[in-house]
Amino acid sequence: MQLIFTKLLWSTLMVTGLVGSIVGFVLPIIPGVPFMVLMIYSLKKLSPAFHRWLSRTRLAEWLRKHQPTLAKWLVN
């Protein structure tokens, strides 16, 4: 039961982050980047396969080089 609740929570946060980032990129008043970070972090917690793929992308390498704190939180 707890596993289902946890997956539902991370899925809800991922969808919220996706919708918020889309709205944030369309409207200049709302920042989209924090919602994108929420979406990526939630998807990382929801899917270990996504986390493995994310840690091998060029974006992950760029984050490790230029934003080590954010990369440690998102990718590692």
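Calculation rules
- Residues take numbers from 1 onward in each chain, read along the sequence in its written order.
- Side-chain atom pairs in this predicted model are given and counted only at pLDDT of 80 or more, local residue features only at pLDDT of at least 70, and totals for whole chains, interfaces and linings cover all residues.
- Remark: hydrogens and water are excluded; side-chain values derive from all non-hydrogen atoms of the structure.
- Patch construction takes residues with relative accessible area above 30% that form no salt bridge. Like charges are linked within 9 Å, and nonpolar side chains (Val, Leu, Ile, Met, Phe, Trp, Tyr) are linked within 5 Å.
- Method for areas: the Shrake-Rupley scheme with a 1.4 Å probe, in which residue coverage is limited to the protein chains shown.
- In what follows, salt bridge is the name for a side-chain nitrogen of Lys or Arg lying within 4 Å of a carboxyl oxygen of Asp or Glu.
- Working definition: helices are DSSP H or I runs of at least four residues, strands are E runs of at least two. Numbering for both runs from the N terminus.
- Expected helix span is taken as 1.5 Å per residue step, with the number of steps being one fewer than the number of residues.
- Exposure categories follow from relative accessible area, calculated using a 1.4 Å probe and restricted to protein chains: below 20% of the type maximum is buried, above 50% is exposed, and the middle band is partly exposed.
- Any pair of residues with heavy atoms lying within 4.5 Å of one another is described as a contacting pair.
- Each pair of aromatic rings taken from Phe, Tyr and Trp, with Trp reduced to its six-membered ring, is defined by centres within 6.5 Å and is described as stacked if the planes are under 30 degrees apart, edge-to-face if over 60, and tilted in the remaining cases.

Engineer: Looking at this structure, how should I read a nonpolar patch on the surface?
Structural biologist: Together, Val15, Leu18, Val19, Ile22, Val23, Val26, Leu27, Ile29 and Ile30 give the surface a local cluster of nonpolar side chains, amounting to about 800 Å² of exposed area. Position of Ile30 relative to the elements: it lies in the loop between α1 (2-26) and α2 (33-46).

Engineer: Is there a simple way to explain α2 in this structure?
Structural biologist: Note that an α-helix has 3.6 residues per turn; residues three or four places apart therefore point the same way. Between its first and last C-alpha, α2 extends 20 Å over 14 residues, near the 20 Å set by a 1.5 Å rise per residue. All of the buried residues in α2 are Val37, Met39, Ile40, Tyr41, Ser42 and Lys44. On its buried face, α2 is in contact with α1, α3 (48-54) and α5 (68-74).

Engineer: Looking at this model, I keep getting lost on the packing of aromatic side chains. Mind explaining?
Structural biologist: Aromatic ring pairs are reported here in terms of the distance separating the ring centres and the angle at which the planes meet. Scanning the entire structure with this criterion turns up 2 aromatic pairs. Between Trp10 and Tyr41, the aromatic rings sit 5.8 Å apart at their centres with planes inclined by 70°, giving edge-to-face as the arrangement. Within this pair, whereas Trp10 is found in helix α1, its partner Tyr41 is found in helix α2, the two being separated by 31 residues in sequence. You can call Trp10 buried: its relative accessible area is 19%. For the pair Phe50 and Trp53, a centre-to-centre distance of 5.7 Å together with 35° between the ring planes defines the contact as tilted. Of this pair, Phe50 and Trp53 both sit in helix α3, 3 residues apart, which is roughly one turn of that helix.

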